[in-house]
Amino acid sequence: HMRLRQVGLWENSGSKGPDRCSWKRGTRSDAHVKYTFLTEVEELVLAQGVPPRNKPGNPKYLDYIYAYNRDENEAESLFVSVIEPYAGESKIESIERISVYDESGKELDKNAFAALKIALKNGRTDTVIYCSDKDISVKAGSMSEFKGFICVRSDESDGSVKVKTFDAVSAM
């Protein structure tokens, strides 16, 4: 189970389990930030820190999230999470981490590749893919092929599809 430490002015507005937490921040009573962690973490620290003072325009404080694992057998960890700021109610129905496969159908390393299926309350479903090696063609969820760094495919409730990519060669 994750251990949570809160430092500073964060107000926990209710935990929904070991992998979901929601916080209120500031004076608006309906303003929230929900963090959904899709990687098992041992400890999570929410804190405020002072940013560098030699940069004009920096705010007085910045909010930070620090997550880590102490497993000595794990040389690397890919921390996967969804951060949703919202007023009133969350627009997300469900979030699921899904497997990423190469062209031959082999599941790829979860510390190097990640994909999420995010169902929204309005009927839209987003598939989000991250690849540490943008030269490998991958498949995940509704994406039949993606080669690049980051991809978001939005399947709308009316059947239309929108695809947004970052540093990509192809996306289908």
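As shown above, the structure is provided for reference.
Description of the structure in this document. Computed from a prediction, not measured in an experiment: that's the story for all the values here.

**Things to note about the nonpolar core**
Piece 1. Formed by 13 residues in total, the largest nonpolar core has its most connected members in Val100, Phe113, Ile129, Val138 and Phe146.
Piece 2. For this core, the secondary structure elements donating two or more residues are β10 (113–120), β11 (125–131), β12 (138–140) and β13 (143–155).
Piece 3. At three residues, β13 tops the list of elements feeding residues into this core.
Piece 4. If near-sequence neighbours (up to four positions away) are discounted, Ile129 is found in contact with Ala114, Ala115, Val138, Ala140, Met143, Phe146, Phe149, Ile150 and Cys151.
Piece 5. Among the nonpolar cores identified, the runner-up in size contains ten residues, and Leu78, Val80, Ile92 and Ala114 belong to it.

**A word on the pairing of β10**
When a strand is regular, its side chains alternate between the sheet's two faces.
Piece 1. Most of β10 is tucked away, with seven of its eight residues classed as buried.
Piece 2. Of the pairings in the sheet, the one linking strand β8 (residues 92–98) to β10 comprises six bridges and is antiparallel in character. Residue pairing across strands places Arg97 opposite Leu116, the latter belonging to β10.
Piece 3. Relative to β11, β10 runs antiparallel, the two sharing seven bridges.

The rules behind each value
Residues numbered from 1 in each chain as written. Predicted model: local features only at pLDDT ≥ 70, side-chain atom pairs only at ≥ 80, totals over all residues. Heavy atoms only, no water. Core = buried A, V, L, I, M, F, W, Y, C linked by side-chain atoms within 4.5 Å. Buried < 20%, exposed > 50% of the residue type's maximum accessible area, 1.4 Å probe, protein only. Helix = DSSP H or I, 4+ residues; strand = E, 2+ residues; numbered from the N terminus. Contact = heavy atoms within 4.5 Å. Pairing = 2+ DSSP bridges.

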